[in-house]
There are 2 protein chains.
Amino acid sequence: MAEYHYQRVYRELKQRILQGDYEVGSALPSENELSLNYGLTRVTVRQALATLEREGYIEKQHGRGNFVKAPRESLNLLSVRGFSEVLGETNHAVRTRILSPPAHVPWPDPFFYELPAAHLAKPCLNLQRLRFADENPVMLESAWLPDTGLSRLRQEPFVDGSFFKSLRRWYGIEITGMEQHLRAVAADAPTAKALQMRKGNPVLFITRQYTTSQPGLVIYGTIYCDTTHYAIGS
Amino acid sequence: MAEYHYQRVYRELKQRILQGDYEVGSALPSENELSLNYGLTRVTVRQALATLEREGYIEKQHGRGNFVKAPRESLNLLSVRGFSEVLGETNHAVRTRILSPPAHVPWPDPFFYELPAAHLAKPCLNLQRLRFADENPVMLESAWLPDTGLSRLRQEPFVDGSFFKSLRRWYGIEITGMEQHLRAVAADAPTAKALQMRKGNPVLFITRQYTTSQPGLVIYGTIYCDTTHYAIGS
DNA sequence: TGGCCCAGCTTGTATATACAAGTTGGATCG
DNA sequence: CGATCCAACTTGTATATACAAGCTGGGCCA
């Protein structure tokens, strides 16, 4: 689990950007300077910078430099990263309430994705959580996954309160990919109640399918999102 | 405007994937084979593959290979790419109706983004289009931009019907970045009418801000999207 | 003054190479 | 037979280097 050079450069630059050591709009040290300072080649430094650009921390400008971008105000949850990771970098106070702790339930039928037969043969692990930003309920999140022997999920609280982090720490399972579909729908009664809104009000409905490093383990998720006060950015 | 090597590899691989020469789920030739075939180094080939991965055409698997992913069914419009580009790769029949051709209007007040004073000094160019998939209206798209001397936009039909392509062809203006915010809202009367739905029904509302290669030119856009029959993927 | 050009900076593309890390299937050994 | 190991493949990280392409500011010239 040793950190690669480019990951270290990425982490340190990102930290300094978030701390404000590099001001918004200003240029980072040039790639040549960075490679000299870190004792790495420019190619390696550029790998770190490419990641920072993908994640929206900097903007690369050919012939000019790499510039620090303004931080996002909205909740960026369209990336693969989880809820806690994303909001940890914003100024919003975050809280999670577990509505249904991980437990076995029958596989929902109909399901919003086509289920491989191999999944139906295993018990279905389900959980439901409500996410708050600044004490307002904003996201109602559910997950379903085939229980391939993940008993600790039902027995212990999550590592740092993070579902994905627990999977990684306890079972070495990494998220390798994600697909999602977005819809605007009218809130049904239970959703409206959880999000403290009126039934029928428009909510953003996201269905997701995560692929993992464990063959055969696919995680399905849905999110109902109240976008009245917090838009979703990307 | 010569094509770079990695762009050629990207274009050719993408074409063969879309044509079905490489089947879904199968592995591409290994990076070593590709570099031999193209007479390029592995580093260059990997640049093309990284782009294909970002755009969701392939999935890289360490130690195994690069695998063709299944094409998306939904409309993927969360990327920077324009409407026509995105839907051109799906199986949906696409049509565009221009509701308001490009013309000068007063800057809307209030505007959904904070407007720099420099923009208000220039006339505001506005256009509105309705997008159809399979003959169903699915997106109501508007754009606002400061007219920095872009008179051909008001005088000629777009190149290939594409707004962005016209900007590139006529003025050499490239899109360098995009930020967007998503909300679920209730359709107001004109929106509902255009999308042939009932007023108050939930629609996906996207606000966008494009940055361009021309300093001072920022393009603002909104999209109302009926997700009843076509989800938005990413 | 005003316009042009160019040196010197920046990032972008590309080569050639080496080794690390993950996967797989077959050979080997108990 | 079954488990283990390993060679040969895959992709990932990293070095060192070169030149192309884009940008900027200062100096030169008309």
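Each remark here, short or long, concerns the structure printed above.
Bear in mind that the values here come from a model prediction, so they are computed numbers and not experimental data.

Which parts of the structure should I look at to understand the protein's contact with DNA strand C?
DNA strand C sits among 25 residues. The nearest are R42(A), R46(A), H5(B), T44(B) and R64(B). Residue E31(A) places a main-chain N or O atom 2.9 Å away from a phosphate oxygen belonging to DNA strand C. A distance of 3.1 Å separates a phosphate oxygen of DNA strand C from a polar atom in the side chain of T41(B). For the surface near DNA strand C, the secondary-structure elements that each account for two or more residues are α2 (31–38), α3 (42–54), β1 (58–61) and β2 (65–68) of chain A together with α1 (5–19) and α3 (42–54) of chain B. Residue contributions to the surface near DNA strand C peak at 3 residues, all from α3(B).

What's the story with the state of the cysteines in this structure? I'm lost.
Inspection of the entire model under this criterion finds 0 disulfides over all chains. Sulfur of C225(B): no disulfide; nearest cysteine sulfur belongs to C225(A) and is 17 Å away.

Got a minute to help me understand the relation of the copies chain A and chain B in this structure?
The operation linking the two copies of the chain is a rotation about an axis combined with a translation along the axis. Its rotation angle being 180°, the transformation that places chain A on chain B also includes 0.0 Å of axial translation and leaves an RMSD of 0.1 Å. Taken together, these values place the two copies in the relation of a two-fold axis. Counting the interface residues of chain A, we find that 92% of their copies in chain B are interface residues as well, pointing to one common contact surface.

How should the protein's contact with DNA strand D be read in this particular structure?
H5(A), Y6(A), T44(A), R64(A) and R42(B) are the nearest of the 25 residues found near DNA strand D. Each atom of DNA strand D within 4 Å of the protein was assigned to sugar, phosphate or base; sugar and phosphate come to 75%. The side chain of T44(A) places a nitrogen or oxygen atom 2.6 Å from a phosphate oxygen of DNA strand D. Between H62(A) and DNA strand D, the recorded distance is 3.2 Å, taken from a side-chain N or O atom to a base nitrogen. Within the residue set of the surface near DNA strand D, elements represented by two or more residues are α1 (5–19) and α3 of chain A together with α2 (31–38), α3, β1 (58–61) and β2 (65–68) of chain B. For the surface near DNA strand D, the element with the most residues is α3(A), which contributes 3 residues.

Rules used in this analysis
Residues numbered from 1 in each chain as written. Chains lettered and ligands numbered in written order. Predicted model: local features only at pLDDT ≥ 70, side-chain atom pairs only at ≥ 80, totals over all residues. Heavy atoms only, no water. Near = heavy atom within 4 Å. Polar contact = N/O pair within 3.5 Å; in protein donor to acceptor, adjacent residues only side chain to side chain. Helix = DSSP H or I, 4+ residues; strand = E, 2+ residues; numbered from the N terminus. Disulfide = S-S within 2.5 Å. Least-squares fit on C-alpha atoms with pLDDT ≥ 70 in both. Contact = heavy atoms within 4.5 Å.

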